[in-house]
Amino acid sequence: MGWFSLGGMLNNHAMGLGRPNVVLWVCVLLSLLCVFLLPNVVVASVGYDEKAITINGQRRVLISGSIHYPRSTPEMWPDLIEKAREGGLDVIQTYVFWNGHEPTPGNYYFEGRYDLVKFIKLVQQAGLYVHLRIGPYVCAEWNFGGFPVWLKYIPGINFRTDNEPFKAEMQRFTKKIVDMMKAENLFASQGGPIILSQIENEYGPMEYETGAPGKAYTKWAAEMAVSLQTGVPWVMCKQDDAPDPIINTCNGFYCDYFSPNKNYKPKMWTEVWTGWFTEYGGPVPYRPVEDLAFSVARFIQKGGSFVNYYMYHGGTNFGRTAGDFIATSYDYDSPIDEYGLLRQPKWGHLQDLHRTIKLCEPALVSGDPSVYSLGHIQEAHVFKSNSGSCAAFLANYDQHSYATVSFWNQHYNLPPWSISILPDCKNTAYNTARVSAHSTKMKMTPVYQGFTWESYNEETTATDESAFAMSGLMEQINTTRDISDYLWYMTNVDIDEDEGFLKSGLNPVLTVMSAGHALNVYINGQLSGTAYGSLENPKLTFSQGVNLRSGTNKISLLSITVGLPNVGQHYETWNTGVLGPVLLNGLNEGSRDLTWQEWSYKVHNMIGMKGESLSLHTLSGASFVEWLEGPSAAQNAPLTWYKTLFNAPDGDAPLALDMSGMGKGQVWLNGESVGRHWPAYKASGTCGACSYVGYFDEKKCLTNCGDSSQRWYHVPRSWLKPTGNLLVVFEEWGGDPSNIALVKREVDTVCADIYEWQPTLSNWKLQVYGKVTRPLRPKVHLWCGAGQKISSIKFASFGTPEGTCGNYREGSCHAHGSYDIFQKECVGQPGCAIRVHPDIFGGDPCPNTLKKVSVEAVCS
């Protein structure tokens, strides 16, 4: 039971899925035979048992990481995949993004950033496996959860439940992807890298709310997936009742508590949240790597055998792909940052963890651990194999105190909230709270400033032949089909000359109720005010005094979406835009309801802005209008398009746009959409010091409070030409484009924080393999970025230094020779390694005290 490969498929009837048609299976066997005979194809049999995923009958502890192909460029993919491989990953996990691949019914797109086959083949070339999460619902903070908006308009549809129109579309797209993978021989059963597939996504909570139709839908989805005969196991995450042979898996910050729904299924963690997403108006979350490593080690010691980091590389929400109020940056505090650079020490500390786990693999997959108490809240998990291998995990769950524990006649010192891993049950190779990898602080260095801008302003009052009128207010998605963020609502208000407010000066109050997400209000062509919601409260109310004159007044409401929701029920009912009521208070008559009077809707071929319909973000489109230049170019004006030309900067460092002088809008480079910018939305929240100890959640560790939620916007190098690059900005609120700068991302300083006698994997290997007979002291490793060298030592102390990278200070104990060795060995070099030993620093400054080295070096 539970083993799922070709043999497992032939016995599906034993799992309650019905006896397969004999003729069908003859065809399947013949097609597989052809694959077996293909040259240079290594066919793998993938299955599972109670301990692990099995590949060719061998149990594997698999380390995986999520990299979403549309959130980076094809030019970035090989480097991202290689860094994942070097980081110790076995598997790359990705969703399949339906709305990117089928923007209109039956019209498919698999090019550029959406070239799924190319991405998977690059993973295969790197020697890694793939976990393909077909879904096709993805959530992922992605626009409309990955669903195409046109699904909403299929008659009778009801999303993600026992609904025939929805199931038909879901099955059609799922089969499309599976057939495409089969045609390219990408499943492991064909010699490809795909060893796992996923159907649906985090449906368990929704099933609970939906009831019987949800349960029926879950059963249908499982049967539909298995019927596609991929030859590899399927999983369902956060789905406790996943039908056999589907494996149910865990998502979360911690999953050590999790058990699969059958004792013959492996314990799998499909989303280890490495950080959290950034929302506009919110701070930037981060997760200390000590806690992340602790959560993974805790899962492994409890019998877990598959771990996937969500995200390993977060990337960028280019274009309009972000969900509602989700920032363009999807960095996620992942081990590889948004720009494709290593985030240290997260990447390095996890690399050490993965290498250590792999040393334990023979013991880990051999059976259940024996658990021993080492104290009140300390314990050991010991794994042994029949061949004699042994691995131990010593855990200290205390959030405040160190623990000295006795294990098999030896003593071990465990920091708070940490796990030590002993791959030989004797010597410590790794502790989750003792980070050997260096830390990096990054900086954004301007490489191009002083752009020469030209501007073009949108009309706020004029209507054209594309406008139409009707009584009442229209829902925005129904009108635009989400082709644009923008929809104009325009109406006239007549004011008699004897209105009292014209004499008193007390302007009437216009109140507009909107389903979201942002609103610009224009009175007779002049911006009167703005309002906007948030991720938690997308609906908004504009209520301000407005300057009306006697006669006819033009009220123009610009409703703006900021992505569509990516999570929740009943997608078919979601709405946005000005739904009313719209009231004008403070007139002689009291209150006037404008909701049901005649409104005009200005839509340029379903697109809200004239500049969008003219494609002003492209070279060809920009020629359709007359741009203002020099002193005439508008500044701080709403609804303004700006364009400039520039040459690409030298080098290959990742680039970004500093948009700190702007308000809200969108950015394009050479016709490619960088995404939405909103630096004017400042982050509210509580930021401060954050300890790794104790349970983590998305609000525990925050930065950027009081600053822009996102200031810098990633510009892929591959989008640049050597000369004549067209940069276009559409500004909704008003900003000063002279403050826009092109910057490069590079290492500013590197730090290390290493205790004497701290365990390291390299020292463990020397001990175990007999190269040394006594414990070795660790080394401090400092490495600058590519093309950089250490130019100076900002801080160095051997003793009891305090603080963190960027804010170190001397403690009560300090060796006065601390700087000397780093000045001598490191300055002028791209990197260096210094042994942590008192003699190196001129002697022991405080005997019988546990000491460490803290150092910060400047890179140039």
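Remember, predicted model here, so these are calculated numbers, not experimental data.

## Topic: the state of the cysteines
- Counting across every chain of the model gives eight disulfides.
- Between the sulfur atoms of Cys 784 and its disulfide mate Cys 859 the distance is 2.0 Å. Around the S-S axis, the bridge from Cys 784 to Cys 859 shows a dihedral of about -85 degrees and counts as left-handed. Here Cys 784, found in the loop between strand E40 (779–783) and strand E41 (790–799), pairs with Cys 859, found in strand E43 (residues 852–859); they are 75 residues apart in sequence, far enough to count as distant.

## Observations regarding the sheet that holds strand E12 (residues 306–313)
- Ordered by their spatial adjacency, eight strands build a closed barrel running E4-E5-E6-E7-E8-E9-E10-E12, and the pairing between neighbours is parallel. Adjacent strand axes in the sheet meet at a mean angle of 30 degrees when their direction is disregarded.
- Two elements, strand E6 (residues 129–135) and strand E7 (residues 194–199), share five bridges in a ladder whose sense is parallel. Following the sheet pairing, His 131 is matched in E7 by Leu 196.

## Observations concerning the sheet that holds strand E3 (residues 58–60)
- The strand order E1-E2-E3 describes an open sheet built from three strands, whose pairing is antiparallel. Two strands lie at the open edges of the sheet, namely strand E1 (46–48) and E3, each paired on one side alone. Here the average twist between neighbouring strands, direction ignored, is 40 degrees.
- Pairing of strand E2 (residues 53–55) with E3, which is carried by three bridges, proceeds in the antiparallel orientation. The residue of E3 that forms the bridge with Ile 55 is Gln 58.

## Observations concerning the confidence of the model for the protein chain
- Per-residue pLDDT for the protein chain averages 93, and the proportion of residues at 70 or more is 95%.
- The low-confidence segment residues 1–39 (pLDDT under 50) makes 51 contacts with residues lying over four places distant or belonging to another chain.

## Brief notes about the pattern of salt bridges
- Per the counting criterion, the structure on display carries 42 salt bridges.
- Between Arg 298 and Asp 256 there is a salt bridge, with the nearest N and O atoms lying 3.4 Å from each other. Taken together, the residues Arg 298 in helix H9 (residues 289–301) and Asp 256 in the loop between strand E9 (247–252) and strand E10 (268–273) connect sequence positions 42 residues apart. In this structure, Arg 298 and Asp 256 share a single accessibility class: buried.
- For Arg 592, the salt bridge identified is with Glu 589, shortest N-O distance 2.9 Å.
- Through salt bridges with shared partners, one network takes in Arg 60, Asp 90, Lys 358 and Glu 361.

## Considerations on unusual backbone geometry
- Look at the link from Asp 244 to Pro 245: it is a cis peptide, with omega at 0 degrees.
- Structurally, Pro 245 can be placed in the loop between strand E8 (234–237) and E9.
- Pro 345 follows Gln 344 through a cis peptide bond whose omega is 15 degrees.
- Mapped onto the fold, Pro 345 is located in the loop between E12 and helix H10 (346–364).
- A positive phi angle is found at Asn 524, which is not glycine, with a value near 55 degrees.
- By secondary structure assignment, the location of Asn 524 is in the loop between strand E25 (518–523) and strand E26 (526–532).
- Of note, the phi angle at Asn 636 is positive, near 55 degrees, even though the residue is not glycine.
- Examined against the element boundaries, Asn 636 turns out to sit in the loop between helix H14 (619–622) and strand E32 (640–646).
- When its relative accessible area of 53% is taken as the criterion, Asn 636 is described as exposed.

Calculation notes
Residues numbered from 1 in each chain as written. Predicted model: local features only at pLDDT ≥ 70, side-chain atom pairs only at ≥ 80, totals over all residues. Heavy atoms only, no water. Disulfide = S-S within 2.5 Å. Helix = DSSP H or I, 4+ residues; strand = E, 2+ residues; numbered from the N terminus. Pairing = 2+ DSSP bridges. Axes fitted to C-alpha atoms, helices over the stretch in contact; angles between N-to-C directions. pLDDT = per-residue confidence, 0-100. Contact = heavy atoms within 4.5 Å. Salt bridge = Lys/Arg side-chain N within 4 Å of Asp/Glu carboxyl O. Buried < 20%, exposed > 50% of the residue type's maximum accessible area, 1.4 Å probe, protein only.

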